[in-house]
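Listed below are the residues making up each chain.
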Amino acid sequence: MQVFKLSQAELDSMIRHFGSLGMVYTPAAGKQPSARTDCAPGWQPADGAPLALATGPSATSVKTFFFPQPETMQTFSVKNNYPDRGLLREPETLTEKQIVVGLRPCDARSVLLNNLPYREDPYYQANMARTVLVGFTCDAMCSTCFCDRMGGSPMATEGLDIAVSRLDHGFAAEILTARGEELLAGLKLTPAGISELDELAGRRQAAPQADAAGLDALKERDLNRLYEAPLWQQLGESCINCGACTFVCPTCYCFDVQDEVVRGTGRRIRYWDSCMFPLYSLHTSGHNPRGQKMQRTRNRFMHKLKYFPDRFGPFSCVGCGRCVKDCPVNIDIREVMGDLLTVE
Amino acid sequence: MISYLPYPVRIDDIVVETEDGNLKTFKLVFEDEAQKLAWRHVPGQFAMLSVAGQGEIPIGIASSPTEPDHLLFTVSRAGKVTTALHQMHAGERMGVRGPLGNGFPITTDMKGKNIVIIAGGFAVTTLRATLIYLLAHRQDYGTITFIYGARTPGMLLYREELKQWAERSDVDLHVTIDREAPGWDGLVGFVPTIAGQVAPSPDNSVALICGPPIMIKFTMPPLEKIGWTNDQVYLSLENRMKCGQGVCCHCNVGPKLVCKDGPVFTRTQVNKLPVEY
């Protein structure tokens, strides 16, 4: 692995250089819909201006680049007398490179976690193949951050192609993959010296370390005991099922599929859904297996903290804290985890 | 890699099954010969039926793999896609994506055993597929008991086939309706009652039960009374689905996905799950 040292000016020119290789996206200041339709809310096409990142994760998560909404799954025509009427076709696979700059280690880890259920999904994999992640490690944490408790760390590089870390003077760029290396081909960069490498190692050592040991006890707990815990009733009473947590969550990955037709030309699309909504599980008969608000609140937490780990190993949460920040009724997943650990 | 692209099929024939006109059986043929030859399913599996512009729905496969020329799906008109399907005609194109799910253990746990099939209402579809399969491989199984109930004689599916099966000596067929009806000289009574009267001993036996939850609930006690255990009983669950392949999360029953881990579960497995179905 190569490490380069960069000044602020070199960093800015490196990001400008990425623009010649593909679309470059950086975090926007807020969640406002972008004026550009090719970009998801919370992100903006890089405009050459120096990158200024706020402390903590970007306003919206990086999942939009891997699991865009909507994603066109098939196209079709329902025009009368058209020979291909009703025939579904797959759209061309997108191959244009997208370079995401400025994501945090929590989001980088979310891409790997989502890749567990999406390992065989052609659309997610196509986006994996065309996306390069240039992340910035965190030298400070927000009050809502808890990546360390979920098995991550503010200085972690897992899931990134290039990791940029702040040093006392300038930055260190760690090239972690061949794709990261390709981005820098042709650039004249200064390799980091002993002092920079020492400083980077020191900062990494001083940062909160991944410690999932406390939570791992949850994995041993009996699922049905957790499911029947009294805490859900109380939590379900305050939760208003708005779904905000699921949309800002980098590791909420469920989707709905719908057909759209405009003047005889149609497409089948998938887009983010939320298990907070009653329609999510409603049968056509009218029966709803999770018809109560509390049942839906419980499903989200049980999925992240029990069902997903039982199936795949890790928890489906990276500790970015967006759900904590954005919940209108102040539900805090850290408190839920603490309460679950006390369930006998 | 999984695929979300349905195979194009043509509607070859549509049969109105029930007196209320709400259940139709669609006979589908593949447009592509190679796709037809590559299709392999086991009874108990389902597929997504796809109508462009309307959407996709999970429906149990009613035909047996031993009927290789076509696929059969019996569909109740209930929502958007099924209503569109019911308005379609023979010759029109639609899509099929599958086969999906695990299916009944026809080559494993069921092999060499006495089979009891208990069906209520239009949940009989995948059990029809199963019975056709068992009859085509008759020597691989012990006795076959088929118990099927509907509200009225006119609500029974596959009536021509029921007549043929009734004449066979290698199937013990019991068809019942809920209440006396003019012209009906068969069994009268709810499925659980009939099952209690005609179910064989549980020795070396497996039961497949599909029907409304209330029927399943009341069918178990009479079976348990004569020694049946939950391990011997297979049920088929259903939930709202989108992908049908274990990705979209919609159909979860606690930790299990009906589409991928099921839809067929033993009663022992179902009893361990939260009641989210």
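Treat the numbers as computed from the prediction; the structure is a model and nothing was measured.

Rules and cut-offs
Residues numbered from 1 in each chain as written. Chains lettered and ligands numbered in written order. Predicted model: local features only at pLDDT ≥ 70, side-chain atom pairs only at ≥ 80, totals over all residues. Heavy atoms only, no water. Helix = DSSP H or I, 4+ residues; strand = E, 2+ residues; numbered from the N terminus. Rg over C-alpha atoms; globule rule 2.2 N^0.38 Å. Buried < 20%, exposed > 50% of the residue type's maximum accessible area, 1.4 Å probe, protein only. Expected span 1.5 Å × (residues − 1). Contact = heavy atoms within 4.5 Å. 1 Å grid on protein atoms, 1.4 Å probe; cavity = no way out; pocket = protein on both sides within 12 Å on 5 of 7 lines; lining within 4 Å. Points joined across faces, edges and corners; volume = space filled by probe spheres on them. Nonpolar A, V, L, I, M, F, W, Y, C, P; charged D, E, K, R; others polar. Pairing = 2+ DSSP bridges. Domains from an automatic or database assignment. Buried area = accessible area lost by both parts, 1.4 Å probe. Salt bridge = Lys/Arg side-chain N within 4 Å of Asp/Glu carboxyl O. Polar contact = N/O pair within 3.5 Å; in protein donor to acceptor, adjacent residues only side chain to side chain. Axes fitted to C-alpha atoms, helices over the stretch in contact; angles between N-to-C directions. Parallel < 35°, antiparallel > 145°, perpendicular 65-115°, else oblique. Left-handed = near helix turned anticlockwise from the far one by under 90°.

Participant: It is not clear to me how the overall build of chain A should be interpreted in this structure. Could you clarify?
Facilitator: Along chain A, the regular secondary structure elements total 13 helices and eleven strands. Relative to its length of 344 residues, chain A is compact, with a C-alpha radius of gyration of 22 Å against a globular reference of 20 Å. With the principal axes as the frame, chain A shows a C-alpha extent of 65 × 65 × 30 Å. Relative to its 344 residues, chain A shows a buried fraction of 53%.

Participant: Teacher, can you tell me more about helix H3 (residues 125-136) of chain B here?
Facilitator: In an α-helix, one turn spans 3.6 residues, which is why side chains three or four residues apart end up on the same side. All names here are of chain B. For H3, spanning twelve residues, the distance from its first C-alpha to its last is 17 Å, which sits close to the expected 16 Å at 1.5 Å a residue. By the criterion of burial, H3 is predominantly enclosed, with eleven of the twelve residues buried. Listed as buried for H3 are Thr125, Thr126, Leu127, Arg128, Ala129, Thr130, Leu131, Ile132, Tyr133, Leu134 and Leu135. On the buried face of H3, the contacting elements are strand S4 (55-60), strand S5 (71-76), strand S7 (114-120), strand S8 (144-150), helix H4 (159-167) and strand S11 (205-210).

Participant: I would appreciate a short explanation of empty space enclosed by the protein in the present structure.
Facilitator: Over the atoms rolls a probe the size of a water molecule, and its path tells where empty space is left. Residues and elements named next belong to chain A. Scanning the entire structure with this criterion turns up seven cavities of 30 Å³ or more. Of the voids in this model, the largest cavity is the one considered here, and its volume is about 170 Å³. Cys239, Cys245, Phe301, Cys327 and Ile331 are the residues nearest the centre of the largest cavity, which is lined by 17 residues in total. Only helix H10 (244-248) and helix H11 (293-312) provide two or more residues apiece to the lining of the largest cavity. By residue number, the principal contributor to the lining of the largest cavity is H11, which donates three residues. A class-by-class count of the residues in the lining of the largest cavity yields 13 nonpolar, three polar and one charged.

Participant: Sorry, what's going on with the pairing of strand S8 (residues 171-175) of chain A here?
Facilitator: Taken residue by residue, a regular strand's side chains alternate between the two faces of the sheet. All names here are of chain A. Among the five residues of S8, five are classified as buried, and the element is accordingly described as predominantly covered. The alternating pattern of S8 places Phe171, Ala173 and Ile175 and Ala172 and Glu174 on opposite faces, both of which are buried. Summarising the sheet, strand S7 (residues 162-166) and S8 pair through five bridges and their orientation is antiparallel. Bridge pairing links Ile162 to Ile175 in S8.

Participant: I tried to follow the domain arrangement of chain B on my own but got confused; where do I start?
Facilitator: Think of interface size as the accessible area that goes away when the parts come together; that is how it is often given. Residue and element names in this part refer to chain B. Assigned domains within chain B: domain 1 (7-99) and domain 2 (114-236). Computed from C-alpha atoms alone, the centre-to-centre distance between domain 1 and domain 2 is 24 Å. Each side of the interface is counted separately: domain 1 has 20 residues, and domain 2 has 17 residues. For the domain 1 and domain 2 pair, buried surface summed over both sides reaches about 1,400 Å², with 63% attributable to carbon and sulfur atoms. Counting across the interface, domain 1 meets domain 2 through one salt bridge. Close ionic contact of Arg128 with Glu67 constitutes a salt bridge, the shortest N to O distance being 2.9 Å. Remark: the boundary between domain 1 and domain 2 carries eight residue pairs in polar contact (both at pLDDT 80 or more). Those elements that provide at least two residues to the side of domain 1 that touches domain 2 are strand S2 (23-30) and S5. Take the side of domain 1 that touches domain 2: its biggest share by element is three residues, from S5. Broken down by class, the residue content of the side of domain 1 that touches domain 2 amounts to six nonpolar, ten polar and four charged.

Participant: Looking at this structure, I do not really get the domain arrangement of chain A. What am I missing?
Facilitator: All names here are of chain A. The domains assigned to chain A are domain 1 (2-62 + 91-209) and domain 2 (216-341). On a C-alpha basis, the centroid separation for the pair domain 1 and domain 2 is 27 Å. Taken together, the contact pairs 26 residues of domain 1 with 23 residues of domain 2. Of the roughly 2,200 Å² buried where domain 1 meets domain 2, counting both sides, 60% is carbon and sulfur surface. Considering only the side of domain 1, the residues that lose the most area to domain 2 are Thr144, Phe146 and Met150, jointly responsible for 27% of the buried surface there. Between the two partners, domain 1 and domain 2, sit two salt bridges. Here Asp107 ties to Arg322 by a salt bridge, and the two come within 2.9 Å at their closest N and O atoms. Summed over the shared surface of domain 1 and domain 2, the number is nine residue pairs in polar contact (both at pLDDT 80 or more). Of all the secondary-structure elements, those providing two or more residues to the side of domain 1 that touches domain 2 are helix H3 (105-114) and helix H4 (122-130). If one sorts the elements of the side of domain 1 that touches domain 2 by residue count, H3 sits on top with six residues. Tallied by class, residues from the side of domain 1 that touches domain 2 come to 14 nonpolar, seven polar and five charged.

Participant: Can you help me understand the sheet that holds strand S11 (residues 265-272) of chain A in this one?
Facilitator: For sheets, the rule is that strands pair by backbone hydrogen bonds, running either parallel or antiparallel. All names here are of chain A. Taking strand neighbours across the sheet as the criterion, the three strands line up as S4-S11-S10 in an open arrangement whose pairing is antiparallel. Two strands lie at the open edges of the sheet, namely strand S4 (71-77) and strand S10 (255-262), each paired on one side alone. Ignoring strand direction, the axes of neighbouring strands in this sheet form an average angle of 20 degrees. Bridge count for S10 against S11 is eight bridges, and the pairing is antiparallel. Residue pairing for S11: Asp256 is matched across the bridge by Tyr271.

Participant: Just checking my understanding: could you explain the environment of Ala207 of chain A for this structure?
Facilitator: All names here are of chain A. Of note, Ala207 is situated in the loop between helix H6 (194-206) and helix H7 (213-220). Judged by relative accessible area, Ala207 falls into the buried class, the value being 11%. For the pair Ala207 and Asp139, spaced 68 residues apart in sequence, the C-alpha separation works out to 7.8 Å. Sequence-distant contacts of Ala207, defined by excluding residues within four places in its chain, comprise Pro154 and Met155.

Participant: Would you explain the interface of chain A and chain B in this entry?
Facilitator: Each side of the interface is counted separately: chain A has 47 residues, and chain B has 39 residues. When the two sides are added together, the surface that chain A and chain B hide from each other amounts to roughly 3,400 Å², 53% of it contributed by carbon and sulfur. Remark: the boundary between chain A and chain B carries four salt bridges. Two residues, Arg311 of chain A and Asp261 of chain B, come together in a salt bridge whose shortest N-O distance is 2.3 Å.

Participant: I'm lost on the packing of H11 of chain A against helix H13 (residues 333-341) of chain A in this one. Help?
Facilitator: How two helices pack is summed up by the angle between their axes together with the distance between the axes. All names here are of chain A. Running from N to C, H11 and H13 point in directions that differ by 65 degrees, and their axes come no closer than 12 Å. Put simply, H11 runs roughly perpendicular to H13. The hand of the H11/H13 crossing is right-handed. Note on element contacts: H13 touches H11 through Ile333, Val336, Met337 and Leu340, opposite Phe301, Lys304 and Leu305.

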